[in-house]
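# Chain and residue survey
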Amino acid sequence: MTSDATATESTRVEFRHEPAQSRYSLRINEETVGFADYTVTGPDVLFTHVEVDPARRGENLASRLVEQALDDVRTRTELTVVPVCPYVVRWIDKHAEYQDLLTRGR
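This one's a predicted model, so the numbers in the text were calculated from it and none came from an experiment. (Residues numbered from 1 in each chain as written. Predicted model: local features only at pLDDT ≥ 70, side-chain atom pairs only at ≥ 80, totals over all residues. Heavy atoms only, no water.)

## So, the overall build of the chain
The condition is simple: To qualify as a helix, a DSSP run of H or I must reach at least 4 residues; to qualify as a strand, a run of E must reach at least 2; elements of each kind are numbered from the N terminus. Relative accessibility decides the category of a residue: with a 1.4 Å probe and only protein chains considered, values under 20% of the type maximum give buried, values over 50% give exposed, and everything between is partly exposed. Two residues form a contact once any of their heavy atoms are found within 4.5 Å.
Counting its regular elements, the chain contains two helices and six strands. Ordering the α and β elements of the chain from the N terminus gives β-β-β-β-β-α-β-α. Each of the 106 residues in the chain was classed as buried or not, and the buried ones make up 39%. Of the contacts formed within the chain by residues at least 6 apart in sequence, a portion of 40% connects residues at least 24 apart.

The following block contains the structure:
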């Protein structure tokens, strides 16, 4: 499932939810450049790891990936988000509009 796709003249950015791998991925021009791994445990989705290709760091890709993943969780599920990965913890701390995902269903 593609959660977002943006095309320009030379660059195609695609966000994918890959449930069989418990992963959201970010692809640029058909190459995976980042991913966010998660685990579903009961009513919770634990985001355990986010990684972006070191050559692509500084392009705000990890932030875009986390935002897309959380938006997908918000719209597709009623799961409570549990940020385990330090990057996801910091990202949610900086984006107050996502705080409700931490407590919904509780």
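Right, picking up where we left off after that structure.
## Observations regarding the pairing of strand β2 (residues 12–18)
Which entries qualify depends on this criterion: When DSSP finds two or more bridges between two strands, those strands count as paired.
Relative to strand β3 (residues 23–28), β2 runs antiparallel, the two being bridged by six bridges. Each bridged residue has a counterpart across the sheet, and for Glu18 the counterpart in β3 is Arg23. Remark: four residues form the turn of the hairpin made by β2 and β3, two consecutive strands paired antiparallel; Ser22 in that turn has positive phi of roughly 50°.

## A look at the side chain of Thr77
Secondary-structure assignment places Thr77 in the loop between α1 (61–76) and β6 (80–83). Residue class for Thr77 comes out buried when judged on its relative accessible area of 15%. Thr77 has contacts with Asp72 and Arg104, leaving out every residue within four places of it along the chain.

## A short note on the nonpolar core
Note the cut-off: Take the buried residues of types Ala, Val, Leu, Ile, Met, Phe, Trp, Tyr and Cys, join any two whose side-chain atoms come within 4.5 Å, and each joined set is a nonpolar core.
Judged by nonpolar contacts, the single largest core of 27 residues is most densely connected at Tyr24, Phe47, Val50, Leu70 and Val81. When residues of this core are traced back to their parent elements, those giving at least two are β2, β3, β4 (31–41), β5 (44–52), α1 and α2 (86–94). The element best represented in this core is α1, accounting for seven residues.

## Remarks on the environment of Gln99
Checked against the element boundaries, Gln99 lands in the segment after α2. When the C-alpha positions of Gln99 and Val81 are compared, they lie 9.2 Å apart, and in sequence the two are 18 residues distant. Those residues in contact with Gln99 that lie beyond four places of it in its chain are Ile92 and Asp93.

## Quick look at unusual backbone geometry
Phi at Glu30 is positive, roughly 70°, even though this residue is not glycine. For Glu30, the position within the fold is in the loop between β3 and β4. In this model, Asn60 sits at a positive phi of 65°, which is unusual for a non-glycine residue. With respect to the element layout, Asn60 can be found in the loop between β5 and α1.

## Thoughts on the side chain of Asp37
Mapped onto the elements of the fold, Asp37 is located in strand β4. For Asp37, a relative accessible area of 17% translates into the label buried. Leaving out residues up to four positions away in the same chain, Asp37 has contacts with Ser22, Arg23, Leu46, Phe47, Thr48 and His49.

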